[in-house]
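Per-entry structural report
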Amino acid sequence: MARDGARMFGWTLHGDGRTLGPDDVVAPHERLSWGRTIGLGGQHVVAMFGATFVFPLLMGLNPQLAIMMSGVATILFLLVVKGMVPSYLGTSASFVAAAAAIRAQGGTSQDVTGAVLVSGLVLVVVGVLVHVLGSGLLHRLLPPVVTGAVVMLIGFNLAPVVSGTYWPQDQWVALFVMAFTVVCAVAFRGFVSRIAVFLALVVGYVLSWLLDRVFGQITSYDAAAGAVTTHWRTSFDGVADAAWFGLPPTTGTLGPDGQPLVGLHLPSFSAAAILLVLPSVIALVAENTGHVKAVAEMTRTDLDPYMGRAIAADGLGTALASSIGGSPTTTYAENIGVMAATRVYSTAAYYVAALVALVFGLSPKFGALVSSVPGGVLGGITVVLYGMIGLLGAKIWVQNRVDFGNPLNLVPVAAGVIIGIGDVQLRFTDEFVLGGIALGTIVAIAGYHLARALAPADLRRRADRPLGGVDGREAGDPGGSVVTVGHDEYGTDRHPEATRER
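Residues numbered from 1 in each chain as written. Predicted model: local features only at pLDDT ≥ 70, side-chain atom pairs only at ≥ 80, totals over all residues. Heavy atoms only, no water.

Next up on the list: the overall build of the protein. The secondary structure content of the protein amounts to 21 helices and 10 strands. Residues counted as buried form 58% of the 502 residues belonging to the protein. Within the protein, contacts between residues separated by at least 24 positions form 78% of all contacts whose residues are at least 6 apart in sequence. Within the structure as shown, the protein displays about 19,500 Å² of accessible surface, and the carbon and sulfur contribution to it stands at 65%. (Helix = DSSP H or I, 4+ residues; strand = E, 2+ residues; numbered from the N terminus. Buried < 20%, exposed > 50% of the residue type's maximum accessible area, 1.4 Å probe, protein only. Contact = heavy atoms within 4.5 Å. Areas by Shrake-Rupley, 256 points an atom, 1.4 Å probe, with all protein chains shown as cover.)

So, on to the side chain of Asp 314. Within the fold, Asp 314 resides in helix α14 (residues 307-323). Although Asp 314 is buried, it makes no salt bridge; Arg 309 carries the closest opposite charge, 15 Å away. For Asp 314, the contacting residues outside a window of four places in its chain are Phe 77, Leu 89, Leu 123, Leu 284, Asn 288, Thr 329, Thr 330 and Thr 331. (Lys, Arg positive; Asp, Glu negative; His and termini not counted. Salt bridge = Lys/Arg side-chain N within 4 Å of Asp/Glu carboxyl O.)

Taken N-terminus to C-terminus, the directions of helix α8 (residues 171-187) and helix α18 (residues 375-399) make an angle of 45°; their axes are 7 Å apart at the nearest point. With respect to each other, α8 and α18 are oriented oblique. Handedness of the α8/α18 crossing: right-handed. Residues Val 173, Ala 174, Val 177, Met 178, Thr 181 and Val 182 of α8 pack against Gly 376, Val 377, Gly 379, Gly 380, Ile 381, Val 383 and Val 384 of α18. (Axes fitted to C-alpha atoms, helices over the stretch in contact; angles between N-to-C directions. Parallel < 35°, antiparallel > 145°, perpendicular 65-115°, else oblique. Left-handed = near helix turned anticlockwise from the far one by under 90°.)

Ranked by internal contacts, the top residues of the largest apolar core, which has 106 residues, are Phe 55, Leu 58, Phe 77, Val 85, Ile 381 and Tyr 386. With 10 residues, helix α13 (residues 279-299) is the largest single contributor of residues to this core. The residues that make up this core include at least three from each of domain 1 (24-402) and domain 2 (404-466). Dropping the residues within four chain positions of it, Phe 77 is found in contact with Val 85, Ser 87, Leu 89, Ala 310, Ala 313, Asp 314 and Thr 331. Membership of the second largest hydrophobic core comes to 5 residues, among which are Val 26, Leu 32, Val 344 and Ala 349. (Core = buried A, V, L, I, M, F, W, Y, C linked by side-chain atoms within 4.5 Å. Domains from an automatic or database assignment.)

The next point concerns the pattern of salt bridges. Under the criterion given, the structure shown has 3 salt bridges. One salt bridge connects Arg 233 with Asp 212, and the closest N-O pair in it is separated by 3.0 Å. Linking Arg 233 in the loop between β5 (227-231) and α11 (237-241) with Asp 212 in helix α10 (residues 196-215), this pair joins segments that are 21 residues apart in sequence. Asp 212 shares its class with Arg 233; the two are buried. As a salt-bridge pair, Asp 403 and Arg 462 come within 3.2 Å of each other at their nearest N and O atoms. In this pair, Asp 403 is assigned in the loop between α18 and α19 (407-422) and Arg 462 in helix α21 (residues 457-464), connecting sequence segments 59 residues apart. Judged by its relative accessible area of 12%, Asp 403 is buried. Residue classification places Arg 462 among the partly exposed residues on the basis of a relative accessible area of 29%. What you see here is one network of salt bridges that share partners, running through Asp 170, Asp 212 and Arg 233.

One pass over the full model with this rule turns up 2 aromatic pairs. Plain terms: the ring middles of Trp 397 and Phe 404 are 4.8 Å apart, the flat faces sit at 75° to each other, and that makes the pair edge-to-face. Residue Trp 397 is classed as buried on the basis of its relative accessible area, which comes to 15%. Here Phe 404 falls in the partly exposed class, since its relative accessible area comes to 28%. The cationic tip of Arg 213 hangs over the ring face of Trp 232; the distance from NZ or CZ to the ring centre is 5.7 Å. (Phe/Tyr/Trp six-rings, centres within 6.5 Å; stacked < 30°, edge-to-face > 60°. Lys NZ or Arg CZ within 6 Å of the ring centre and 35° of its normal.)

A cluster of nonpolar side chains, contributed by Val 202, Val 206, Trp 209, Leu 210, Phe 236 and Leu 369, occupies part of the molecular surface with about 480 Å² of accessible area. It is α10 that provides the largest number of residues to the nonpolar patch, a total of 4 residues. Structurally, Val 202 can be placed in helix α10. (Patch = residues over 30% accessible without salt bridge, like charges linked within 9 Å, V, L, I, M, F, W, Y side chains within 5 Å.)

A rise of 1.5 Å per residue sets the reference length of α8, with its 17 residues, at 24 Å; its end C-alpha atoms lie 24 Å apart and thus fit the reference within 8%. Looking only at α8, the buried set comprises Val 173, Ala 174, Val 177, Thr 181, Cys 184 and Ala 185. Angularly, the buried residues of α8 cover 100° about the axis, an arc narrow enough to put them on a single face. Among the exposed residues of α8, those oriented more than 90 degrees off its buried face are Trp 172, Val 186 and Ala 187. (Expected span 1.5 Å × (residues − 1). Arc of directions from axis to C-beta.)

The next point concerns the packing of helix α4 (residues 109-133) against α13. Two elements in contact, α4 and α13, have axes whose closest approach is 10 Å; the angle formed by their N-to-C orientations is 45°. Classified by the interaxial angle, the pair formed by α4 and α13 is oblique. In this structure, the crossing between α4 and α13 has a hand that is right-handed. Facing α4, whose interface residues are Ser 119, Val 122, Leu 123 and Val 126, α13 presents Val 281, Leu 284 and Val 285. Of the residues contributing to the contact of α4 with α13, the split by class is 6 nonpolar, 1 polar and no charged. (Nonpolar A, V, L, I, M, F, W, Y, C, P; charged D, E, K, R; others polar.)

Relative to the helices and strands, Phe 366 is located in helix α17 (residues 364-371). Spatially, the C-alpha atoms of Phe 366 and Ala 243 are 9.0 Å apart, while their sequence positions differ by 123 residues.

Before going further, it helps to spend a moment on α19. Over its 16 residues, α19 runs 22 Å from end to end, which matches the ideal 22 Å to within 8%, given 1.5 Å per residue. A bend of about 25° at Val 413 is the largest found in α19. Among the residues of α19, those classed as buried are Leu 408, Asn 409, Pro 412, Val 413, Gly 416, Val 417, Ile 419 and Gly 420. Contacts made by the buried residues of α19 are with α6 (144-156), α20 (436-454) and α21. Its side-chain oxygen placed 3.0 Å from the backbone nitrogen of Leu 408, Asn 406 serves as the N-cap of α19. Phi for Asp 423, located one or two positions after α19, is positive at around 55°. (Bend = angle between axes of the 7 residues up to and from the residue. Polar contact = N/O pair within 3.5 Å; in protein donor to acceptor, adjacent residues only side chain to side chain.)

Relative to the assigned elements, Ser 109 resides in helix α4. Here Arg 103 takes part through its side chain, which lies 2.9 Å from a polar atom of the side chain of Ser 109.

A word on unusual backbone geometry. A positive phi angle is found at Lys 82, which is not glycine, with a value near 60°. By secondary structure assignment, the location of Lys 82 is in the loop between α2 (63-80) and β3 (89-91). On the accessibility criterion, Lys 82 (26% relative accessible area) is partly exposed. Residue Arg 401 is not a glycine yet carries a positive backbone phi of 50°. Residue placement: Arg 401 occurs in the loop between α18 and α19. Judged by its relative accessible area of 33%, Arg 401 is partly exposed.

Everything listed here is a matter of geometry and, on its own, says nothing about what the molecule does.
Here's what the structure looks like:
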């Protein structure tokens, strides 16, 4: 591998650039022929596609702008990590719950992007601290029991959004899309399982259009009207009026939740919104840590020295995207899965993917088509995605063998999880209220560290070692979380060397 990214733009041709042996691995500083590299870049675009524009829709942000800024953020990320961590930065799911809460309380999309921008800057600071002080800082401040609790409450806090906004718009389409997503994710292997969300969205969209043609209008909850009305499932009026080429619009159309999808705009800043969004930083730290560890394992490279850079780069991408109204970003497990399946870790393919995303982001017609996704389709997708986000918290606990027989682990995080999921409110004044995700996160983190300060030495020792283990290394990587749809977080065809015991 090129030392310290010295060959960031001077990729070495792997072999003849055309053929790969059964045990060949294309390293980040290598590439195949440009024709094959472009094909792999296109595959990475398809892998990130569904989630990258579904999540902006759920946050009330413009999907065309999100796709475009995902390309910009990916290029920025690769530059900051000096080409040592091949990753694609797509739209983060970790902010969806906070964005929904902000909008439900009368906040605007501008409030959402302002809060996301602040969170991105906080993530940059965290990355710098990790780079200077070492990755052990994360484990001390955010042990797996706390990280898992925060990720869990962020995901499960979204359940009312599914049941109250998306599912009622077309329950039968939602049920079909949900079932289709499950079947694609578990019955198929390899790349098909990786793009289950994208396939479900396309199939659900086509099904809704066919139902309109065969059965006519549906009488159901209309998010735009906020009431039960008779209406078409699909509408292409905005698509017909949109231009083929151009920047994302500055005016918004109505999204599937009935609220405006704002295009290019400057963010605004609200203390209440910022407090709601800040807990998502913890989820992003956990996600980035897990993804860097996964890439390190697959490439058989020590990437710990680049952990801080990766976290800071994600923060920079998030801050840059949100500064003009775009969506928050994060490294994508879907694309890590593509690398695992192909054993091609070339960063050249990621630059190609980023450029393709930029091209899509310059088509308002594409953005209008994505914005017109029926609410019932999103109902079927979100019931799976939101549950997966929540269960990733449990996955962190399991991977790190958290001992819930220890009251130090059990009691404080139990309170935080219930406050977050139940949207419990703590009112200070008529203008300042803490609740849900923000309050649950504060209780989980502060409660844990307070309990640790008061706990006897034997409980602290038990908390510091995994259940049935001797030291933290036996429990896996602290805070590792991977958002994905597929058979495992690394893909279905892991390199044999990546599975060996360390």
